[in-house]
Amino acid sequence: MNAEQLIEKKRDGGALTAEEIRALIEGYTAGRIPDYQMAAWCMAVYFRGMTPEETAALTRAMADSGPRADLSSIPGVKVDKHSTGGVGDTITLITAPIAAAAGVPVAKLSGRSLGFTGGTVDKLSAIPGCRTALSFEEFIRQVREHGIAMAGQSADLCPADALLYALRDATGTVESLPLIASSVMSKKIASGADAVVLDVKCGRGAFMKDRRAAEALMREMTALGRAAGLRVIAFVTDMNVPLGTAIGNSVEVDEAVDVLSGRGGRRLTALALTIAGAMICAGGKAGSLAEGRRMAEALVRDGRALAKFRECAAAQGGDVSWIGRRPLTPETHARLVRAPRSGYVEDVRPVELARLVMDMGGGRARKEDPIDLTVGLRLWKEPGDKVEAGEPLLTLYGREGLPMDRLADEALAAVSIGPEQNVFPLVYRMADSEAGETE
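The rules we used
- Residues numbered from 1 in each chain as written.
- Predicted model: local features only at pLDDT ≥ 70, side-chain atom pairs only at ≥ 80, totals over all residues.
- Heavy atoms only, no water.
- Helix = DSSP H or I, 4+ residues; strand = E, 2+ residues; numbered from the N terminus.
- Rg over C-alpha atoms; globule rule 2.2 N^0.38 Å.
- Buried < 20%, exposed > 50% of the residue type's maximum accessible area, 1.4 Å probe, protein only.
- Contact = heavy atoms within 4.5 Å.
- Areas by Shrake-Rupley, 256 points an atom, 1.4 Å probe, with all protein chains shown as cover.
- Axes fitted to C-alpha atoms, helices over the stretch in contact; angles between N-to-C directions.
- Parallel < 35°, antiparallel > 145°, perpendicular 65-115°, else oblique.
- Left-handed = near helix turned anticlockwise from the far one by under 90°.
- Nonpolar A, V, L, I, M, F, W, Y, C, P; charged D, E, K, R; others polar.
- Pairing = 2+ DSSP bridges.
- Polar contact = N/O pair within 3.5 Å; in protein donor to acceptor, adjacent residues only side chain to side chain.
- Disulfide = S-S within 2.5 Å.
- Expected span 1.5 Å × (residues − 1).
- Arc of directions from axis to C-beta.
- 1 Å grid on protein atoms, 1.4 Å probe; cavity = no way out; pocket = protein on both sides within 12 Å on 5 of 7 lines; lining within 4 Å.
- Points joined across faces, edges and corners; volume = space filled by probe spheres on them.
- Core = buried A, V, L, I, M, F, W, Y, C linked by side-chain atoms within 4.5 Å.

Draft legend 1. Representation of the overall build of the chain in the model. Tallying secondary structure elements over the chain gives 16 helices and 14 strands in all. In terms of overall dimensions, the chain is globule-like: its C-alpha atoms have a radius of gyration of 22 Å, near the 22 Å expected for 439 residues. Projecting the C-alpha coordinates of the chain onto the three principal axes gives extents of approximately 70 × 45 × 40 Å. Residues classed as buried in the chain amount to 56% of the 439 residues present. Across the chain, contacts joining residues at least 24 apart in sequence account for 78% of those joining residues at least 6 apart. With an accessible surface of roughly 17,500 Å², the chain has 50% of that area assigned to carbon and sulfur atoms.

Draft legend 2. View of the packing of helix H8 (residues 159-171) against helix H9 (residues 177-190). Their axes nearest at 10 Å, the elements H8 and H9 cross at an angle of 150 degrees. One finds that H8 runs roughly antiparallel with respect to H9. By crossing handedness, the relation of H8 to H9 is classed as left-handed. Between H8 and H9, the contacting residues are Asp161, Tyr165 and Arg168 on the first element and Leu179, Ile180, Ser183, Ser186 and Lys187 on the second. Residues belonging to the contact of H8 with H9 are distributed by class as follows: three nonpolar, two polar and three charged.

Draft legend 3. Layout of the sheet that holds strand S6 (residues 246-248). One open sheet holds the four strands; their spatial order is S6-S9-S11-S7, and the pairing between them is antiparallel. Two strands lie at the open edges of the sheet, namely S6 and strand S7 (334-338), each paired on one side alone. Neighbour to neighbour, the strand axes of the sheet diverge by 15 degrees on average, direction disregarded.

Draft legend 4. Fine view of the side chain of Ser182. Structurally, Ser182 is set in helix H9. Here the side chain of Ser182 touches Leu179 through a polar contact of 3.2 Å, landing on its backbone oxygen. Beyond its immediate sequence surroundings of up to four residues, Ser182 is in contact with Thr55, Leu58, Thr59, Met62 and Leu224.

Draft legend 5. Structural context of the state of the cysteines. Going through the model one piece at a time under the given rule, you end up with zero disulfides. The thiol of Cys42 is not disulfide-bonded; the next cysteine sulfur, from Cys158, is found 14 Å away. Cysteine Cys312 shares no disulfide, and the gap to the nearest cysteine sulfur, in Cys130, comes to 7.0 Å. On the basis of relative accessibility, which here comes to 2%, the residue Cys312 falls in the buried class.

Draft legend 6. Summary view of the sheet that holds strand S10 (residues 386-387). Taken in spatial order, the three strands make up an open sheet running S10-S8-S12, and their pairing is antiparallel. The two strands at the open ends of the sheet, each matched to only one other strand, are S10 and strand S12 (415-418). One ladder, built from four bridges, connects strand S8 (residues 343-348) with S12; its direction is antiparallel. Directly across from Val348, in S12, lies its bridge partner Val415.

Draft legend 7. Fine view of helix H2 (residues 18-29). Over its 12 residues, H2 runs 16 Å from end to end, which matches the ideal 16 Å to within 8%, given 1.5 Å per residue. Listing the buried residues of H2 in full gives Glu20, Ile21, Leu24, Ile25, Gly27 and Tyr28. When H2 is viewed along its axis, its buried side chains cluster within an angular range of 165 degrees and face the same direction. On the buried face of H2, the contacting elements are helix H1 (3-11), helix H3 (35-48), helix H4 (52-63) and H8. Gly31 occupies a position one or two residues after H2 and carries a positive phi of about 85 degrees.

Draft legend 8. Inspection of empty space enclosed by the protein at higher detail. Taken as a whole, this structure holds one cavity of 30 Å³ or more when the rule is applied. Taken as a whole, the largest cavity encloses approximately 30 Å³ of empty space. As for the largest cavity, its lining consists of Pro242, Leu243, Gly244, Thr245, Arg267, Leu379, Lys381, Glu382 and Pro383. Here the lining of the largest cavity is built from residues that sort into four nonpolar, two polar and three charged.

Draft legend 9. Layout of the nonpolar core. Formed by 83 residues in total, the largest nonpolar core has its most connected members in Ile98, Ile127 and Leu396. At 10 residues, helix H12 (residues 266-282) tops the list of elements feeding residues into this core. Apart from residues lying up to four places away in sequence, Ile98 is in contact with Leu260, Leu273, Ala276, Ile280, Ala296, Leu299, Val300 and Ala305.

Draft legend 10. Representation of the environment of Arg226 within the structure. As for its position among the elements, Arg226 is in helix H10 (residues 211-227). Spatially, the C-alpha atom of Arg226 lies 9.6 Å from that of Asp432, the residues being 206 residues apart in sequence. Setting aside residues up to four positions removed in sequence, Arg226 forms contacts with Val232 and Ser433.

Draft legend 11. Molecular detail of the environment of Met218. Topologically, Met218 is positioned in helix H10. Note: C-alpha distance between Met218 and Cys312 (94 residues apart in sequence) is 30 Å. In contact with Met218, not counting residues within four places along its chain, are Val200, Ala234, Phe235, Val236, Arg429, Met430, Ala431 and Glu437.

Spelled out as structure tokens, the structure:
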């Protein structure tokens, strides 16, 4: 059956066999199937959907499109973590060291991101000298010696997904649950971990705006992981307001260090401890999520989590002498913005602040775009906090030549202060491939 027949079959509501899906992915990856035919198939999937069996077959085919990472030489249960992304989401830089400090091997492969701010690799790159382009041998050796490595994802890993993602991005087919789920889980499977903790964001500052759609995605990815033999613990979490108080790259590293030092923002700290606790549980070091969270709290409290972050960054060549002495983010062109009135922080609009940081140079529209790792902003008040007129509200970290007065006005316009003390939820739902689903 050729590509045209597979397109027509899906267009007409038929279900493709595993062999047909594998042939489609192999043909596209090898260049035998052109973009226009694959785009037509993606659009057919967008409108017709996929059965669970089709989605599982697509995930396996994409995971097998390149060499899989072999982590078998690393003792213990290897745990990975993935977030669908959002504003102020610095979770990986916090949770990975906490889990590693608990004795869970963390082999984290991440990418550079498009959009408002950078990805985990960009944030690590803000640390002077820190190398994220590790060879696979270096990556494995570091996890064996230090229990943790955070590096850039190899181009050889899951090449079909890279091709398909770029095509979906250009053809209006990104928002397809089976295509999203297979994209995420194919990379997790190919990365070689034994267990995965997923953080699915929902709300106005996330890719998934609708809670029901986010929960459906969580269930689909959990099922895909279970079918592949992985332990999966997944959460649906709120992204209607920024998760952390920092938006940028070096400034998010500063906040990660704050959380690991026990003095971070309450929303980011709370979710980081929950996710880290799940990683500790999935890694077999705790018998329950609650016990895992208590262990995470203790590791932050006694300093071992921060020490593991310092150890990881130093092992990758990073200069960590600034930790505990000064912020990483330069304050040469910083601008403090004070609260114009008293009241409560009723709302913080995440997309407006994220776009402002992107306009400052802190994000990229295309993968090849340069990014300024030093610009960003830090909120000194979180949603729901009481604030007095004249109190520090936020700080903008700019650079020479930026219109700081205009940027300060735009940042202030994204924060609402009024009489209502609004409460914003954090975790909506969770699922465990071994224990089921809870709200």
